[in-house]
Structure formats: C-alpha cells, structure tokens
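Secondary and tertiary structure notes
The residues making up each chain are set out below.
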Amino acid sequence: MIKEKLNEQLRNQFHISSFRPGQEEIINDILDGYDVLAVLPTGSGKSLCYQLPASLFKGATIVVSPLISLMEDQVRQLKATGFKAAVALNSFMNPREKKRVLQQLDQYKLIYLSPEILQHQDIIHRLKQMMIDLFVIDEAHCISQWGHEFRPDYLRLGNVIKQMNNPTVMALSATATKEVQNDIITSLNRPGIVSHIYPMDRENITLTVQKVNEDRQKQEMIIKLLKRYRVPTLIYFSSKRKTEEIAVILSNKLPSHRIAYYHGGMDQVDRISIQQQFMNDQIDVICCTSAFGMGINKQDIRLILHYHFPLQLESYLQEIGRAGRDGKSSVSLLLYAPGDEVLPKSMLANELPSVENINHLFRELYQLYLQNPQLPPAEEVHEMLELNEIQWRFLRYQMERHGIIKENRLVFQQERWEHAIRHIKAFIAERSVLKDRKLDEIIGWINNEQCLRDHLYKGFQSGYNTPLYACCSNCGFSFTSWQPEQTQASENVSSWEAKLKKLFFIGDQP
Amino acid sequence: MLFDYIVMSCCSRFKDGRSISAVYHLLKGKRSIQTVQDSHLYQLNRFYGIYPMLQKQDFDKHIHKLADGNLLALYNDNTAKTTARGENWLHEHQEHVPINYFNGMDYYQKAPVFLERLLLLIQTMTNSRKNNFHFIPVIDKSVATNWVKKQYQQLYQNQAVFLNQLHEELYQLLKNYSDMEANIFVDSLTGYNHYGMSRFQIAELYGLNQLDIPLIKTAIIHRMLTIISRNTAVYPLFTRFLQDLPQEAGITNSAGKTKGLLNKQYSAEEIAEMRHLKLNTIYDHMVEIALYDENFPLETYVTADEQKEILAAAKKISSFKLKAIKQEVSEAISYFQIRLVLAVEKIS
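Just so it is clear, the model here is predicted, and its values are computed rather than measured.

1. Some thoughts on the overall build of chain A
Looking only at helices and strands, chain A features 20 helices and 15 strands. Since a compact globule built from 510 residues should have a radius of gyration of about 24 Å, the 25 Å found for chain A is in line with a globular shape. Principal-axis analysis of the C-alpha atoms places the extent of chain A at approximately 70 × 60 × 55 Å. Looking at chain A as a whole, 38% of its 510 residues are labelled buried.

2. So, the nonpolar core
One finds Y112, V136, M170, I235 and I286 of chain A to be the most contacted residues of the largest nonpolar core, which totals 204 residues. Per element, the largest residue contribution to this core is nine residues, and it comes from helix α7 (residues 110-129) of chain B. If you look at the next biggest cluster of nonpolar residues, it comprises eleven residues, including L387, W392, A420 and I428 of chain A.

3. Brief notes about the interface of chain B and chain A
Facing the 33 residues of chain B at the interface are 28 residues of chain A. Listing elements by their share of the side of chain B that touches chain A, those giving two or more residues are α7, α9 (159-174), α10 (179-187) and α11 (199-206) of chain B. Among the elements that line the side of chain B that touches chain A, the one with the most residues is α9 of chain B, at seven residues. Considered class by class, the residues forming the side of chain B that touches chain A number 16 nonpolar, twelve polar and five charged.

4. Notes on unusual backbone geometry
All names here are of chain A. One non-glycine residue, N165, lies in the positive phi region at around 75 degrees. Looking at where N165 falls in the secondary structure, it is placed in the loop between α8 (157-163) and β6 (168-173). Of note in the backbone geometry, F505 takes a positive phi value of approximately 60 degrees without being a glycine. C-beta crowding within 10 Å serves as the criterion here: with 18 such atoms nearby, F505 is assigned to the partly exposed category.

5. Digging into the sheet that holds strand β3 (residues 86-89) of chain A
Strands in a sheet are paired, the pairing made by backbone hydrogen bonds, and the direction either parallel or antiparallel. All names here are of chain A. Strand order in this open sheet of seven strands is β3-β4-β2-β5-β6-β1-β7, and the pairing throughout is parallel. The sheet is open, and its two edges are formed by β3 and β7 (194-197), each paired on a single side. Direction aside, neighbouring strands of the sheet carry axes that sit 15 degrees apart on average. Inspection of the sheet shows strand β1 (residues 36-39) paired to β7 by four bridges, in the parallel sense. Looking at β7, one finds that V36 is bridged to V194. Across the sheet, helix α9 (residues 178-188) touches β1 and β6, and the angle it forms with β1 is around 155 degrees.

6. Quick notes on the confidence of the model for chain A
Per-residue confidence for chain A gives a mean pLDDT of 90, with 98% of residues at or over 70. For chain A, per-element mean pLDDT is lowest for helix α7 (residues 141-145) of chain A, which scores 84, and highest for strand β12 (residues 303-306) of chain A, which scores 98.

7. Comments concerning the sheet that holds strand β13 (residues 330-336) of chain A
All names here are of chain A. Here six strands make up an open sheet; going across it, the order is β8-β13-β12-β9-β11-β10 and the pairing parallel. Each end of this open sheet is capped by a strand with a single partner; those strands are β8 (205-211) and β10 (259-262). In this sheet, adjacent strand axes meet at a mean angle of 20 degrees when their direction is disregarded. Here strand β9 (residues 233-236) pairs with strand β11 (residues 285-288) via four bridges, running parallel. Looking at the pairing, I235 lines up with C287 of β11. Along the sheet, helix α11 (residues 240-253) contacts β10 and β11; its crossing angle with β10, the most-contacted strand, is approximately 180 degrees.

8. Some thoughts on the domain arrangement of chain B
All names here are of chain B. Taken as a whole, chain B is organised into domain 1 (2-97), domain 2 (110-241) and domain 3 (253-347). The centre of domain 1, based on its C-alpha atoms, is set 30 Å off from the matching centre of domain 2. Counting residues at the interface gives seven residues for domain 1 and seven residues for domain 2. Of all the elements in the fold, those that place two or more residues in the side of domain 1 that touches domain 2 are α1 (2-14) and α4 (56-68). Grouping the amino acids of the side of domain 1 that touches domain 2 by side-chain chemistry returns five nonpolar, one polar and one charged.

9. Comments concerning the packing of helix α20 (residues 496-503) of chain A against α10 of chain B
How two helices pack is summed up by the angle between their axes together with the distance between the axes. Direction vectors running N to C along α20 of chain A and α10 of chain B enclose 25 degrees, while the axes themselves pass 9 Å from each other. Between α20 of chain A and α10 of chain B, the crossing angle belongs to the class labelled roughly parallel. By crossing handedness, the relation of α20 of chain A to α10 of chain B is classed as left-handed. Together, W496, K499 and L500 of chain A of α20 of chain A and D179, A182, N183 and V186 of chain B of α10 of chain B make up the contact between the two elements. Classifying every residue of the contact of α20 of chain A with α10 of chain B gives four nonpolar, one polar and two charged.

10. Regarding the pairing of β6 of chain A
Residue and element names in this part refer to chain A. Burial of β6 is extensive: six of the six residues sit out of reach of the surface. Note: β1 against β6, four bridges, orientation parallel. Bridging across to β6, V39 finds its partner in S173.

11. Some details on the domain arrangement of chain A
All names here are of chain A. You can read the domains of chain A as domain 1 (2-197) and domain 2 (205-343 + 475-499). Averaged C-alpha coordinates put domain 1 and domain 2 at centres separated by 30 Å. On the side of domain 2, nine residues touch domain 1, which itself brings nine residues to the contact. Considering only residue class, the side of domain 1 that touches domain 2 consists of three nonpolar, five polar and one charged.

12. Remarks on α4 of chain B
Residues and elements named next belong to chain B. For α4, built from 13 residues, the straight-helix expectation of 18 Å at 1.5 Å per residue is met to within 8% by its first-to-last C-alpha distance of 18 Å. Buried within α4 we find F59, I63 and L66. End-on, the buried residues of α4 take up no more than an arc of 65 degrees, which puts them together on one face. Residues of α4 that are exposed and angled more than 90 degrees away from the buried face: Q57, K61, H64, K65 and D68. Buried-residue contacts for α4 involve α1, α2 (20-28), β1 (72-74) and β2 (80-82).

13. Focus: helix α16 (residues 279-292) of chain B
All names here are of chain B. Relative to the 20 Å expected for 14 residues at 1.5 Å per residue, α16 spans 21 Å between its end C-alpha atoms, a close match to the ideal helical length. Looking at α16, one finds that the buried residues are I282, Y283, D284, H285, M286, V287, E288, A290 and L291. Buried residues belonging to α16 abut α3 (33-41), α14 (253-263), α15 (268-275) and α19 (335-344).

14. Focus on the pairing of β9 of chain A
Residues and elements named next belong to chain A. On β9, burial covers both faces: T233 and I235 on one face and L234 and Y236 on the other are all buried. As defined by bridge partners, β9 adjoins β12 across four bridges and the pair is classed as parallel. Residue pairing for β12: Y236 is matched across the bridge by H306.

What counts, and where the lines are drawn
- Residues numbered from 1 in each chain as written.
- Chains lettered and ligands numbered in written order.
- Predicted model: local features only at pLDDT ≥ 70, side-chain atom pairs only at ≥ 80, totals over all residues.
- Helix = DSSP H or I, 4+ residues; strand = E, 2+ residues; numbered from the N terminus.
- Rg over C-alpha atoms; globule rule 2.2 N^0.38 Å.
- Buried ≥ 20, exposed ≤ 12 C-beta atoms within 10 Å, placed from the backbone.
- Core = buried A, V, L, I, M, F, W, Y, C linked by C-beta atoms within 7 Å.
- Contact = placed C-beta atoms within 7 Å.
- Nonpolar A, V, L, I, M, F, W, Y, C, P; charged D, E, K, R; others polar.
- Pairing = 2+ DSSP bridges.
- Axes fitted to C-alpha atoms, helices over the stretch in contact; angles between N-to-C directions.
- pLDDT = per-residue confidence, 0-100.
- Domains from an automatic or database assignment.
- Parallel < 35°, antiparallel > 145°, perpendicular 65-115°, else oblique.
- Left-handed = near helix turned anticlockwise from the far one by under 90°.
- Expected span 1.5 Å × (residues − 1).
- Arc of directions from axis to C-beta.

Rendered as structure tokens:
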C-alpha cells in the first residue's frame, strides 16, 4: 500500500525525518483521491504536500505556479535533493528548448507550468496523452487576486482540469481569507473540495511598528539596530532602486556586516549567488524587494524589517513569515514615516489604466482600427497608448471579454464598444475601491494602538496562539530585552592565490 | 571609470559622426547592420558587444555625468563630441585601464558561454569531490549544464587530478593580471559551500563603481580567451573549454536568403519583389553581406572611379557620415553605393 511507504519516502527522497503539522493529513486525503484546498502558513512545508505524492504516483503531477523565478527555484531545489524528474515550462522558453522538453515530457513526475502556457494547444494536447494523477494550483490566491484583472488564464484552470480528465485537484495558499477561499472553490468548480485550513499566526515572531519622522531616521534606526545585532536579516523595500541605495549606505556605516541587495532586475547568476550566500551565512543582511524569499527556506532568519510597507496585509504576513522557521524568537519591525502612503498609492494607481483615460484610449484604439485591425506587437502598443505592460494586459483582457478583440484583431461595432467602455470603467472603479480598501487595512493596522497581533490576525482566522516570546510593540516590547544568538564573524583570506587554493582544496589533508 | 573611459573612447572615435545611442548599441552588441558597420569603420571592434546587460538608464546617467564634468559635449541632434579636456582625460588615464584586454567582435558570444562553463564546472567538481550532490547550481542554462555533464562523465574518476590541474592552469592564467583583477575574478567563483560575490559585493569590496564590474569581468575573460588560444599546449584543460563555443558574427537569416538569391543572379529589385520586402531592406542586406563576405563583387554595384571618388570624399572631410559624403560626391552616386564602399573598405 502506497501510504505505508510515506515515511520511508519522506526520509529517502526528501531527507526529512518527520511530518510537520497538517502535511500528513493533506497527503493522505490526496492519496485517497480527495480534492484538497489547503491554507498553511508560510514556512510550514506546503510544497511537500504535493511533492511527496508526486514522487509516489505512477503518472505525472502538474503544478501551476505564478512566477517563473519561483518555478525555477522549486525545480532547482528538488534537483538538489536528488529529485531529478522535475521540470518548469514557461512561455519564455525558446522554441527548441520547449520542443525538447515536450518530447520527453512523460519522463517527468513533476511539471511546473504557468497558467498562460496551459492555454497553448500543443501543451494541452501533449498533457492529454499522458496520465495526470494530480493537478496542483500553488499560490492559489492568485486566482482571486490576479485572475480578474490581468491573468485571466487563472480563471480558465477549471476548464483545463476538465480537459485533463479531472485528476485530483489541490489548491494551496499561505494567505487566503474566507472570501478568497470561496473564490477559489467557485472558480475551480469544486464544491466538494476538502478544506484544510491551518492558523497562520506565528507564535515565535514579535510584531513591532516604529514611527519616525522621515526617511533618514529610518536609516539611523536600522543602523543602530544592526550594530547591536548581527543576525540573518531581511529588509523589504517597494522599489528596486531603493534596495541598492540603502545597501550602499548600510555597507558604509556597518563595515563589519556583510550586506547585499536583491531584486528581480539582477542577472541570474547574481540572484542565485545572493540567495545561496544568505543560506550559507556568507551574508548577514539583504535589502530586497518582495521578489526575494519565496523560493528560499532558511531556518534562522531573525529579523525582518520593512523600510516600506507592502500593499496589503496578506503580503506583510508572507514576508514576516520567513522569520524564525526554527521556532526561535524572531522580530518583525515595520518602519513608518508620515507620507509613506504616497508610494503605495501611486503603485496602485499605476496598476490599472485610469477611468479618466479610458475614453482617450478607445479613441486611439479606434484610429488604430481604421489603419489596420490587426494589433501590432505588445511593445508597440505600450508606446502608442502610453500604457505599461500590466495596464495593457488588463485592457486587452477586458476587450477580449467584451468581444472587441478577437484573435489579436480589433473588432469594431459601435454599440459593443460603448457597452465595453462603460463596463470597463465601472470595473476599474470597483477594483480600485477594493485595492484602496486593502491599503487602508494595512495603514489602519500600522496606526492601531491596541495589540498588533490581535488586530493582524482578525481578518484571517478566529483567535491565535499565545505568543512564546514578547507579543508586539503595543504590548510592551523593547529591543533591550531581545538577545538572539549572533552570527560569528568568519575568517578572512587575503590574497587571491590563497583564495584560489582554498577553493580547489589545495594543501588540504587528503 | 572603465565604463566612462570606454564611452569616451567611442565618442572620440565617432567624432561628430554618430549619435550617442550608436555607442549604446555598440556596447550592447546590437545585431544591426548600422552598428556592425560602425564598429568596423571606426575601429571599435574590440568594444562590440562587451556589455550585453547594460541598461539604458545607467548609460544615460553616465553620459550626463560626463557632460556635466565637461569631458563630453552634447548636441541637439543627439550627437556627442569629446571636449579638449575630455581628450586630455583619455590620454591621462590610458595607462590605468585594461582596454587592450577587449576583443568584442571575436568574443562577444563566446565569452559568456566560456564563463558559464567554467563557473559551473568548478562548482560541480568541487562539490562532487566533497561528495555533496545537493547543491544549487549558479548556472542552469541547459547548454552549459549539458556541456558540464559531458565533461563530468569523463573526469569524475580523476577528480583530484583534475582539480589540481585546473587550479594550476587558472593560477598561471591569473598571473597575467593585476592583483585586483585576479582578486575580482577569484571572488566571483563558486565552490563547495561557498558562493561567488555579486557585482554589488565586488564593487563595495574594492571601492569600484558597480557599472564597471561586468566590464572588468568581461575584459578578464577576453584576455583569457586570447592567452589560451595562443598557448594551447600550456593550457590543455582550458583548451577543452574552447571546444564548440558559439560561432561569432555571420549574417542574419534574412540577409542569408537575400544572398542566396543574389548568387542566383537575381537583381535587388527582383528580390524585393519576390520576398515582398522594401528595396531598402534588400539594400541593407547587401551592405550586411558586403561587411562579412570578402569576395563581395563591389564592382557590380560601384565602378572603380566611383569607389575612388567616395573614399577621397571621406578622407577629405575626415568623416564617415553618409550625408556629408553624399554632399561631396557627384549626384549620380547613391547612398547605397556609399554604404557599400564603406562596408567593403572597413578593414583599412
């Protein structure tokens, strides 16, 4: 029986000695053929819930994942543990590479895909020839969060599952409110899905908010704090430029610390190097955007700082959830200065085209239609309409929904256009209200004077565990009493000749 | 500093003939006929394609910095000219920059692949030596991975010997560099339980500008490739790294089709008609073919006298600017003819 092999497989394939809370129950349900919706806190080993069954199933497991970097990280890590039958397919692969992978697709046990690529007929065709035992939607809250706006293919997953002959379905998320859970179930059309919802509060993380008057004070606070503590630290920023800027400042002020930055705009070798140096304790502090962290699993991150606050509490929870996976006392500190709302507000405003701009955009599109109904390449459209990539993706999807773009061609019909314009405006207004509400929620939380823990988890679950260490800055926490174990300084090798010898083990005892 | 020096050198060579974005395209290695021709004509081949990761933003920022420092004068038509002060600056600094290391036109595609192979093979062999097969590779491009797999199969039984010899060859190679260059290179290598430094980390450690780090690394690699290919007997292991590296240059697919039809004696007009392309596009192809094909039949399109006239004009006004040359020559000579002559005469 497959289940008896569970523990053995856990040790041999994944080098893990025992299950963490929730994992075994979820895996058992999957092996019994039940569809599962699982909401597990970050750092609780979500991926194992499908990776372990995938390693036992005869057929393949499909994992739908929102980000290429995330897929690649997962595949890299699986391969590093010795699970070689894993692959990531995405729309950016060159045709030759894609063809090669498609030909050998049945040799893989775990296939990571983007929702977009699941709309390609050649992929669907190939998958239909194979035996698919399990269909996983990782980060399933994306169905609700992005599906409606600019990743419509998330909303088409239900249909894809049907085409795959209805394999067992697993939807996974670390942050899904009741509202989002219902959205997922409806969209996948799986009313009978078994829900495994685990509380997401982290009892070993102390939550703190510190208000300052201006940017410079944030920097002074961070420097003061890091002088005291040399512990694995992440500092989150909303802008790539700022990660670089502050990393330079901190490096100058804290010569004994090893500091680096990380964001999605770096080349791949540098990104992997920084991630792995951090894992290896070669770096103490990383100034990063939200791009950092999803794929990494470091146990002893002690300090999570927010230089900028994220756009919603869900993101905040995910980011602080990276601290203290080993259960030891860890601290999250969010720095807030008056005027900090401006940046997230303008980020939100830029996500969708503005209602005021819609008439103008449609006039331009009409001119385009008169010249040639065929749409030019996306980059040209961006330039012509002065829209960014996300804005155009949104608009395009909306126009497809209203039948005024078909197969990459503009289709003009007066009434239909007018109808579409009205609806798109209303929809943008509705989404903006929702996002503003999310932003207000997190600003409200920052400014709240009662217990931060109580307020934070209220929207997600009923109650929470008693914190193991200090609760929050509103319940009386002071850094003076926090004494985590400090990272030891490593020895420095000076000359390049010596470094090279060390790298190649020259002079080591055989 | 290195970046600024290279930009200034390009502007100095270009004189007022080219727009500032021509420098950008040259460093990025844009596969356009204009850029390739610029590179040949102005003898900037060594810088061609040496900075594929360059961001327009960073480039613009530095151009303005150079202009603010009065080293570079910017004009309204987007051209830039080195100032007298700028020329002095170039002269003063020429000793301190490894300009001679670069060989862009020959290595712009080979160098990244060579580096990827080296990084991944060192990481693989050092980990394998310690029996650690659970590491995250710094490179996961399948071309590099497949190559390393093949090498590994041949080498793993003699890992200790291999590591010793690779160390020895790398040590010998690095002795050709300054201490700082050798340090930068070694710091960016990844081994067992040790990951190489990012460009920011290196910049911080050595007090350099971040923008210069990829250039320094590229310079080091280009020089390595030159040294290895001249001394294959001294570097038997590294010579293996040079096998089946991607071929440089060569003409684009579309120009290749045009070339096939030209060889069948079709005229440019006929080819445009057949391929549903503009005549000017076909002309572009022909200039591209002329750049790479040493046997290009120039006389078919430009008589010997016309050729002389064009070259004399270019010499007289000491510029390769098409418009300026066109004004100097008789009216019957077309832009296309001028471009062809300049393309063929590139290697002067």
